[in-house]
Structure formats: structure tokens, C-alpha cells
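Listed below, chain by chain, are the residues.
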Protein chains: 2
Amino acid sequence: MKTDPAWLPDQAFRAIGTRRVVVCGGDGPVVRTVVDEVTRACARYGGRVWHGTAGSPDADGADLLLVLTDLDCLPGEAAAVRAEIAPGQPLGKEGYALARPAGATVVVADGPAGLLYGLFHVARLGEAAFDGWRPLEVHRPASARRMLDHWDNIDVHPVMGQVERGYAGGSIFWRAGEPRDLHRVREYGRLLAAIGVNAVAVNNVNVHATEARLLTDRLGDVAAIADVLRPFGIRTHLSVSFASPMVLGGLPTADPLDPRVREWWSSAVADVYATIPDFGGFVVKADSEGQPGPFGYGRTHADGANALAAALSDHGGVVHWRAFVYNHRQDWRDRTTDRARAAYDHFAPLDGQFADNVILQVKYGPIDFQTREPVSPVIAAMPSTSVAVELQVTQEYTGQQRHVCYLGPLWASILRFRPWGPDGRAVASVAGDGGGLVAVSNVGDDPFWTGHPLAQANLYAFGRLAWDPFLDPLDVLDEWISLTFAPCPSVLRSALHEIMDSSWQVYESYTAPLGVGFMVNPGSHYGPGVDGYEYTPWGTYHFADRDGVGVDRTRASGTGYTGQYPAPWRDVYESVASCPDELLLFFHHVPYSHVLRSGLPLIQHIYDTHFDGVTKVVEMRRRWAEIADFVNAARHARVAQLLDEQVRCAQEWRDQINAYFFRKSGIPDARGRHIH
Amino acid sequence: MKTDPAWLPDQAFRAIGTRRVVVCGGDGPVVRTVVDEVTRACARYGGRVWHGTAGSPDADGADLLLVLTDLDCLPGEAAAVRAEIAPGQPLGKEGYALARPAGATVVVADGPAGLLYGLFHVARLGEAAFDGWRPLEVHRPASARRMLDHWDNIDVHPVMGQVERGYAGGSIFWRAGEPRDLHRVREYGRLLAAIGVNAVAVNNVNVHATEARLLTDRLGDVAAIADVLRPFGIRTHLSVSFASPMVLGGLPTADPLDPRVREWWSSAVADVYATIPDFGGFVVKADSEGQPGPFGYGRTHADGANALAAALSDHGGVVHWRAFVYNHRQDWRDRTTDRARAAYDHFAPLDGQFADNVILQVKYGPIDFQTREPVSPVIAAMPSTSVAVELQVTQEYTGQQRHVCYLGPLWASILRFRPWGPDGRAVASVAGDGGGLVAVSNVGDDPFWTGHPLAQANLYAFGRLAWDPFLDPLDVLDEWISLTFAPCPSVLRSALHEIMDSSWQVYESYTAPLGVGFMVNPGSHYGPGVDGYEYTPWGTYHFADRDGVGVDRTRASGTGYTGQYPAPWRDVYESVASCPDELLLFFHHVPYSHVLRSGLPLIQHIYDTHFDGVTKVVEMRRRWAEIADFVNAARHARVAQLLDEQVRCAQEWRDQINAYFFRKSGIPDARGRHIH
């Protein structure tokens, strides 16, 4: 089967391809990408292209599209647009301005990347970009770093496979120990450019033996990928092992303060930049789930991160240092230890100690990419540190690309959250000032890229929200639908919205209730396992007994985690009365009789949401069946098959969760439905 | 580290090695083994050996040991012993007689295997074999077939590894796709000969692609093993795929009634016997846990087994056809389906339809090698079928060779069980008449053979109980201690008995209570996972709720499984009042307040046994520490380390089980101990 074009089918370039297009932006790989795009579109749809100063468009004919950085080469309309932009507000190297003064749509940028993003913006607008007069729009990314981490292994890992937590086939980079033909990577780069992603890490944060060598004798494999991604404005990053000086360098230590270690990193990094001049930097998972780190040498994480940062700083590289550090050998009997506290406890005291080119990469929630978690308190705790917020596009805990679960609304809720209250800054602003947004990619060698064809929307939404976190996630979904299913009949559009708009909430409704998290099968993390993690060392418990359920994280009687938030949240979360219901069981242990804001007792809420969730999934499947005529047959078949699995699995969740809580509570369903 | 000699240290042959030994038994590989054994022993300890008619012992000097089959070669003392054996009771090809008329210990056999077993019997007796006068003893095996199945894979299986459910390192037969050097197999054969095992299957009953080929193009690997085992009186068997005619033969079907399929089996079997003339036969797991079988063609298991049996019958081979057939995709919501019923429901109606050389291989219990199960009702349901009882020496569910768990008492209780009541035959008698005893081996390439050095006792006990199921399992343990730790000081002997005698009951006390089974972690089957299988398709549930626990398998209100037993057990098990407490939760769902014969409520029994079990394991560890001076240092260290793990794991069991039932029941411990 041919690879699915995702959100860049030929149709997406129809509006551009019928125009006379002038690209006036010098040269270089990114500009060549712009020229190639418009040239292909015009060849297909009958438009014409001029590039640079070679010739000039004829005066008559269709609308002009001017895409330019170099104002001297075609001053007329473009100069006017450029002049409108306030001089104190530079576009920056990735920003662009769009306007349509009269008869010509003009994209102005100050550099090749802006040109590229401007072109894809015109593609998103389609005919609307050429429709009458348009006022000046200026677009700049909210964050300078918009990154995808691939948890791809070079060797097939005996447990985790080719891609750790991958649900879309093999890796697009690696197969069974070797680099792959990179034609898919080129297509991937193009898709990412269209959504504004500008950084990719090409290997798993759990760095195994073979993967460690990407830093040294297998650097050529990384350079080949970087060459393919560079024309799409994407810098390539590498996950490295903190123990590299020992594993690769033969040193007796990886102590970050040891001069030999620092020298080794400097030398290794110099070699990297000699090969890949625009190399992005490192991603490091240290002292986490078995990975080595500075604790082994009695050093802090600032010591560890700064050692690598020092090596990178002369070359413009950064260290993405993950804050996902916790005790994964916890004793489940010990109710005083709280995994949710761990990242804050480890990192908040280090604020101010990190080098400028260290980016602390913080998962959005304090636990681990659950369907519902409060925002991590670390984000508000590091004012003197660059913080990147890490999301998970790959659906580890949200249906593993077998369930429809559009994550845009989840991410929007995180990015818009204001840790200091309604008058304070939003999470998006903290990330924008510092490290930006990072996400674990959901892409593999599956023909649909993401296993579930509708999971493409999550990748799309990540890029778009990383560029502008205040976009309405349902508008972003609509963009994705318009491009992917172009030309999209309204019957299809409305069905897709019905299926996808609330799919995250639907998924939540039939899985773990009210923020309690981790009721999945151990290991795979797919499907229900209510007690699956209850007596394990992983620190992920719900404490259900015959009387109630939930984790007391209050200062008054629990683990004190609420105290890691600034006001007002430290108080909002502290009290059952003010804690939002959707996070109730994350913060409080309450009896099954506890009455929620809906007026329903907790136990009845659990029963109702689980019955309703399944009903909604069945309805999703019915809606999808109705639109078979409007969707490509292969895509329709794949989604239909997966919806069958989603119905089955949702029923399983419903029945296990309801049976579990009925057996514990002994309270029957008030509506008399059968509980097993 | 050198391979541990297990129960055959040099010391075990001291008594023999100091004698003048005459071996008078013709020739052949097994007789050569006997000669080799005594020659080695005499070389070490100063004795002398005569073989056959070559020379004759001098008249004076130490005691004579005569080991002979050929009465003509040395008639004197031997003829007298032979004459004592009743003419109507032949020794058979494996039996032997022992006596010590005057100044000479005489072993008489009618064939080489009997000679071999008689020699090892003298080794077990040690000096006692030469101590004054001994009356005539006649020894014959209770079962003609005493077999070990190896669940060893040729290729390392991605999930199950080199040995499925193996806890002793790699396979002694295979490594990473290739046969191994067979010196360990030779040692293994010798150990097995010493305990009377006479059949070995060399590959896993789950037959994967490479393993299937042992039947055809990799037959040479099997022949090499057979050559090594033959001198120890052991016939080699093979697990085969029912789909072999398709997988290996390229046929479009494996339908057992298709003439092409029958022809293919005939031809394959003829090739096997041309290569391995004493080949034992096949082991088949069909229509079970994903393995192919006759159901795929609408045929019965009798049809399936008989097709293979027909091919083997001309050559003296047998088919071990496993009765482990059940629906492993059960719906946990469906309480009418009962996995315990499955083997009986499938096979009882087929009694009388199996060919003579089919042996139906039945697991001892109806579920799957649990620490406590009732005896399988299939054993009493097949009077016209040869039935082999299958035990599991490898400790899949009994501590995985990290816990001390001497299984002799468990097996003795099964073998002595009388399905038709106290006046009927015992299980051992049914097996003895038919297919004998089979067990899954616990041996790997670990230097101690079995991972846990004390787990050697289980392998020893299997062989000895297969030979004589009415031996006292604690006497067998004492035999093993005497040989393995020879010369064994009494302080060591008593410590080992204290640690091992009740270790099965101790293991039971801290794991799943009262026969309820399956509270283990899914997949690995190690450590507690109370709800691990509760909502799975595997048919292994305990149905605990806030009021009670257990599976109602009565005819009156449950699955009707009790009706598969003949009287009196069908009635004994049916009633809570008469059902033995140790199987209570296997047969009945009872409230936590149910009072056991001990006078304790069920919930208190659960708490007490789990606290007590840990106390006993701690005591085991203390006892082991005390005897450090009497045990080889490497062996002591290994056991000490494993006892630490056993303490840890027993605590984990105690705390999870107690916490689980406390959270469900809300009933506190009457003795006020802390429950998490």
C-alpha cells in the first residue's frame, strides 16, 4: 500500500497550484523546498512559477502569490506589506506576515524558515488566501522549540520492540539494527514542516548499547537523517546515555565534575558538529527507570546537565534534560512516599543552577501521561530555568492508536492552565519563554503513519498548538479534516467532528475515573487492569477499599503534594469542596457515597460514565459506518476495524471497572443495569 | 564453576568402590554404563572389577558385589538368589532383585536396564548393602513409563526464552538455535538413570517453527541426543506439531482422516526410526492455547491421536496426547463456563476410542499445576484408555526455584488419592497400568542444574515416586540428602529436614489460600497478583467480593464440576460441610465469616496463615545460616541468597493478600497485627 499523504494530499496545494507564484528568497535547502513545493503544485494544477530574479510574472492572468524574503527582488506589493509590520516587532527567523493588498497574496518572511511556514499557511487557507482583500496577519511561533522525540530503537528491544510505546509499526529511521532507506523520513519532514515542528530526536530516551553509539561510530547514520530533515527547517537531536564517557569512551567514570569526563564530552560534541553543523543537541533521561545519571557520583542533576551543556554551548546546541526522575522501586505499603511529588522535590531546589543552554523537559503531569492529571507543579517552580513541557502524542495511556482519542483538548487545557491563578501567566507562556514544547511522536512505518488513521490528527494538533497554544483545538481539528479529506463534503466533516471532538472525554469516561490514573494492564499499558499497578513498586496506586477510593495528596492528612502548587491552586486542590471533580481522586480519598457536583454519588458516577462511554463508542462506530462512501476504502476499512476493537475494549473497561467497584462497595447500580 | 554432582557425588559410590565387583551381564551400551560406573568407583576407592567371564575374583579379600544378568557366568551365590524369585513373577526388563546371602551382595536382573537400576540401588543403600545378611528384595517399577518433558526451545522465544517456564538458566540441549555440546546431557542421563527415569522429550510442547523441524531435517540433532541418553536406559521423545503435514510437508491440510496426511506421518515416522531405532514417540499439545489440532478439521481428539499412533505403532512408539484442552479465550463475565470442567468434558466421552499406543497425558489437577488442586477427574473417567499423570517438577507456580518448595508431599498426596473412595484403586495404580508418570523437568544449564540447589530434591523425588509412588516422600527426601550431602552429618540432616519437609505447606500458607489458585502475576506467574487473572480470558478466577471468595463448582448452585467425580468424592466435594478445608475455595464461594474446622473464620485463617508463613520462611533462613560450616560454600551462598528473595517475596505475598482481603472485607485482624 502506498503511504498515506496525511494532511498533504495534492488537493491541499490546489489553490496555490493554480496561481502565478513568485518565490523570491535567495537560495539554500529550505528555499529550495519552497520552490519545489510550488513548482510541483503548479505543474499539477496549471499555475506558473518564477524563482529569484529569473524572469518576472506576466502582468495579466490569475492571482499572484508572492513568497519572499528578499524585498529588493520584487518590491511592489511586497514592500507595502513589509512596511506595515511594526519595526519594533521583527518577524524572527521563523515568523512570517501574510496580506493581500490587491490582486496579490503576499507572504513576507525574514528568513527561509519563515518562508516555508508561510507557504504552508497559504496551503491551509486554500482558496480563502486568494479571496478578496485580507488584512495584514503576522505569525510567529509561541515557542522557538517545537520538538518531537522518537522513542525508536536501532536494535529491536526484546521487550519494547523497535519503537518503545510505538503503535504504528516499525521505526521510520531504523530496522533491525540498521538505518533505513530515508524516503519516508523525507515525507515525514515535509509533514512536520507543514505543522511547524522544527526539531526531532531520532532515538529512544532509554539509550541501549547500540543506540549509544549514534554519538560516535554511528554518527554517520544521524548525519544522513539530518541531511534529509534540514530542507524542512528541522534540526536533528540525539538521545544520549549519561554513561557515554564510560560506555563509549572507556573512562572509569561518568562523574560530571571529573575533568576527563568533561573533556570527553567536549571532544565528542566537537566531532558531532564537525559532521552535522546544525546539530540540535542532546536529550537525556538520567537517574530514571534504570538509566544512569549524576546521582551515581553524588552529583546533582544541575551538575549532570551542565557538564553536557558546557560541551554543547560553543556550538549552539542544547541539552533537553528530562525531569522524569522518581523512585520506581517504591514500596506500595509506604503511603508517605508520593511519586507525584518526585520531580518537584528533585528539581525545584536546583532552580537557577542550570546553564543557559539546559532545557528542563517536564512531563505535563506529575505522574506519567495519564488521560487526566493536574498540571505538573514543576512548571511553576523553575522561574530561572528554561522549561519545556513534554506531551505524549503516541497514545501510550490513551488507547494506543487503537482507540479514537483526539488529544487536542487535553493539551489545550494544559497549555492554557494558569499555575498562578487567572491573573498569572499560562503554561504556554512559561514554555514559550524557555524550552518550548516537546512530544513523543506517534509515527511509525505504518502506511497511515500513525496506525489509526485518525491519530494523524494528534500529530497535526501537536505541531499547530506548539506554534500557537491558544488556537481552539477543535478549529485545529477542523483544519486537519479540511486538509486530510480535501475536498471534504460537509456530511463527512460533521461526522468526523461528532466522532472526534469529544473522543478524549469519551475515552476518559470508560477508563480510570476522576483523575485516579493507572488502572491499566502492567507492561503493555493497554486495556483495564484495575489492580494492575496497585501492589507494585511503581508508585501508581488508587487505594480502593470497600469504603472508598483515591489518593490523599493534601497537606492536612495526605502526602502534602498540594503544597507544591502556588496559590490559589494549593488551596483549591487541598479541599474536597473546591477540588475540581475531574481531579477529585487524584487529590482525595473519598467514600463511594461522596456526592459530586452533578448530584450523583461517586459510585453512581463511575457506573454511569462507564455505561455511557460504551454507548458513545458504539455511536462513533455507527457514524463511521455511515460515511463509508466519502472516505478512501483502505482508510475506511482500517478505522472500521479499529472501532470494533475500541467497542470491545471499552466494554471490557466498563465491565471490569464496574465489577471491581461493585464487588468492593456492594452498592448496586441505581439504574438497575447488570454489573458482572 | 564446575557442574554440581547433585545426588551422584563420588562419595555416593564409596561403598561400591571398596568392594570386589563382578559384572556379569553381556554387553551393550547400558551394561557398559554399569561397568564404567563400578570401574570408576573402584579406581577411586581401591576396589577391583571383573567383567563378564574375563578372569574371576580371588577367593579372599573384601566383600563381593555381584551384578549380573547372565546366571551361567558365575552361578554360585547368584543362582541361589535367582532361585528365590517366584517363577510367576518375572523381574521384567527394568526390575531387579537384591540379596546378600553370605559374604556377597547380589543384584540379579533379567536385562541391562534392571542391572543399571540395581547398581544405583546399591549406591543408595551405601554400606548398608554390605552389612550382614539381607533378605531378598524384589524391585519393579510401578509404571513402565517414567518420563521427563523438557519445555526447551531451540530458538530463544521472544517471550518465553530458551526454556519455557525454565528457572535454571538455558537449555542443556539447545542454545540460540543450535544444539549444544552434549556433555551436560550425558551427566543428566546418569542422574536420571540413578532415579529410574527412562524417557525424555527434548523440546517444548509448544512447538514453534524451528522446533517443528526436529521431526525432519533437524532429526540429526535428536539422534545425537538419543545416542547420549541410550546408555542410561533412556528413550528419546519429541514434541511435534499437529500441523506438521502442512508446516513441514507442504500439504494443504493436517486433517487426521485425510489419506495424504496419514501417509505423510507414516513416512516421517519411518524416517525417524531409520535414524533412531529406539525412538520413544511423540508428545502432542493440540487445540490448546493456540496450538493447532483436530478441532480445526471437525475431528475428535481420538481421530487426531490415532492418526499419529497408527504411524508409530509398527515401530513400538507411542503418542503422549495431552488432555490440557480448554477455552483460553473465555469471557470472565460468563460464570457458567468452568475451565476445571474442560478436560473431562472433552475427553471422557472419547474413552475407548483411542488406539493402544496412545497415552492420554493428564495434568494432576483440573486447572494448571497449582500449589493445591483436587485430583483431575479425568484420571478416573478413562478406564479403557492409557492415562499418564503429568506433574510439574519445574516450579512454575510453586516458587520458580527461588523458593524452597519440596514437592514430594504434594505428589504423594495425588498418587495416593483414591478416586473411587478408600476401597478403590489409587491414582498411582491407574497410571501404573497405563501411561505412567510424566513431569516437566526443572533442569537447565545452571551449574546446580536446577537454579535453586535444593530444587534438585524435586527432580530426585519425581524419579523415585515414579518408580514407587507409595514411598514416603520424606524418606525419599532423606535419601536425597544422604546422597547429595554425603557424608551427611546429623546436624545438617536435621536442619535440611526442618527447612524442606513442610516447605510445600509453608509455600501454600503464604500464597493463594485454600485451593483458590491463580493469584499470581500474569505472564511470569511469579509473585502475588491477587486480581492478576481475575478479569482475563484464562478461566482462572476467585470471585472475591466484599462478602466472600471462592468458586462455586457444585451441582446444586455452581458449575456442576463436582459431578465429574465418582462417588464418594462427588458428594464430599459438593457440600461445604464435608469438603476438605484445604480445597474449600476451589469448590465453594463462602463468606469471610465462614468458620473452618480449625474454629477460625475464613478471613482470620487467611491473615494467620500469611503471617505464619512468613515467620516460617524467616526461620528457614535462620536454620540455613546456622549450617554454613557443613555445606559447600558456593552451594550455601546460592541458597542463602535465594532465601533472602524467598523472605522478601513471602512478605510481599503476605502483605498483598492480607491488604487485598482487608480492603475487600473491612474485617480487621483479630490479633491486631498491622495490615497495609
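Residues numbered from 1 in each chain as written. Chains lettered and ligands numbered in written order. Predicted model: local features only at pLDDT ≥ 70, side-chain atom pairs only at ≥ 80, totals over all residues. Heavy atoms only, no water.

Quick notes on the UniProt feature "domain: Glycosyl hydrolase family 67 catalytic" (unreviewed entry) in chain A
What counts, and what does not: UniProt positions are given in the numbering used here, feature names are shortened, and annotations may be inferred rather than shown by experiment. Strands here mean DSSP runs of E at least two residues long; helices mean DSSP runs of H or I at least four residues long; both are numbered from the N terminus.
Taken from the UniProt record, the annotation "domain: Glycosyl hydrolase family 67 catalytic" (unreviewed entry) applies to residues 138-449 of chain A. Between the C-alpha atoms that bound residues 138-449 of chain A there is a distance of 32 Å. The span itself is 27% helix and 17% strand.

So, the packing of aromatic side chains
Residue and element names in this part refer to chain A. Applied cut-off: Within 6.5 Å between ring centres, the rings of Phe, Tyr and Trp (the latter by its six-membered ring) count as paired, and their orientation is classed by plane angle as stacked under 30 degrees, edge-to-face over 60, tilted in between.
Applying the stated criterion across every chain, the model contains 63 aromatic pairs over all chains. Plain terms: the ring middles of Tyr273 and Phe279 are 5.6 Å apart, the flat faces sit at 85 degrees to each other, and that makes the pair edge-to-face. Consider the rings of Trp332 and Tyr535, whose centres lie 4.9 Å apart with planes at 85 degrees: the pair is edge-to-face. Highlighted residues: Trp332 in the loop between β15 (318-322) and α11 (342-347) and Tyr535 in the loop between α17 (503-510) and β19 (548-549), separated in sequence by 203 residues.

Quick word on the sheet that holds strand β4 (residues 96-100) of chain A
Residues and elements named next belong to chain A. Our working definition: When DSSP locates at least two bridges between a pair of strands, those strands are taken to pair. Here, axes are lines fitted to C-alpha atoms. For helices the fit covers the stretch in contact, and angles between N-to-C directions go from 0 to 180 degrees. The contact criterion used throughout is that any non-hydrogen atoms of two residues lie within 4.5 Å.
In space, the six strands of this open sheet follow the order β2-β1-β3-β5-β4-β6, with mixed pairing throughout. Each edge of the open sheet carries a strand with a single partner, namely β2 (48-51) and β6 (134-139). Along the sheet, successive strands turn relative to each other by an average axial angle of 10 degrees, direction set aside. Running at roughly 160 degrees to β2, helix α2 (residues 29-45) makes contact with β1 (20-24), β2 and β3 (64-68) of the sheet. Where helix α4 (residues 112-125) meets the sheet, it contacts β1, β3, β4, β5 (104-109) and β6, and its direction lies at approximately 45 degrees from that of β4.

Things to note about the relation of the copies chain B and chain A
What counts here: All copies are superposed by least squares; the fitting set is the C-alpha atoms of residues with a pLDDT of at least 70 in both.
Superposing chain B onto chain A takes a rotation of 180 degrees combined with a translation of 0.1 Å along the rotation axis, leaving an RMSD of 0.1 Å. The transformation just described matches what one would write down for a two-fold rotation axis. It is Lys664 of chain B whose C-alpha, among those of chain B, lies nearest the rotation axis, at 2.8 Å. Take the interface residues of chain B: 100% of them recur as interface residues in chain A, which is what a same-surface contact looks like.

Topic: the packing of helix α9 (residues 259-275) of chain B against helix α10 (residues 301-313) of chain B
Residues and elements named next belong to chain B. For clarity, the cut-off: Note on terminology: angles under 35 degrees are roughly parallel, angles over 145 are roughly antiparallel, angles of 65 to 115 are roughly perpendicular, and the others are oblique. Crossings are sorted by hand: turned counterclockwise from the far helix by less than a right angle, the near helix makes the crossing left-handed, and turned clockwise it makes it right-handed. Residues are grouped as follows: Ala, Val, Leu, Ile, Met, Phe, Trp, Tyr, Cys and Pro are nonpolar; Asp, Glu, Lys and Arg are charged; every other residue, Gly included, is polar.
At a minimum axis distance of 8 Å, the contact between α9 and α10 shows a crossing angle of 40 degrees. It follows from the interaxial angle that α9 and α10 lie oblique. Where α9 crosses over α10, the two elements pack in a sense that is right-handed. Side by side, α9 and α10 meet where Arg262, Trp265, Ser266, Val269 and Tyr273 of the first sit next to Asn306, Ala307, Leu308, Ala310, Ala311 and Leu312 of the second. Within the contact of α9 with α10, the residues separate by chemical class into eight nonpolar, two polar and one charged.

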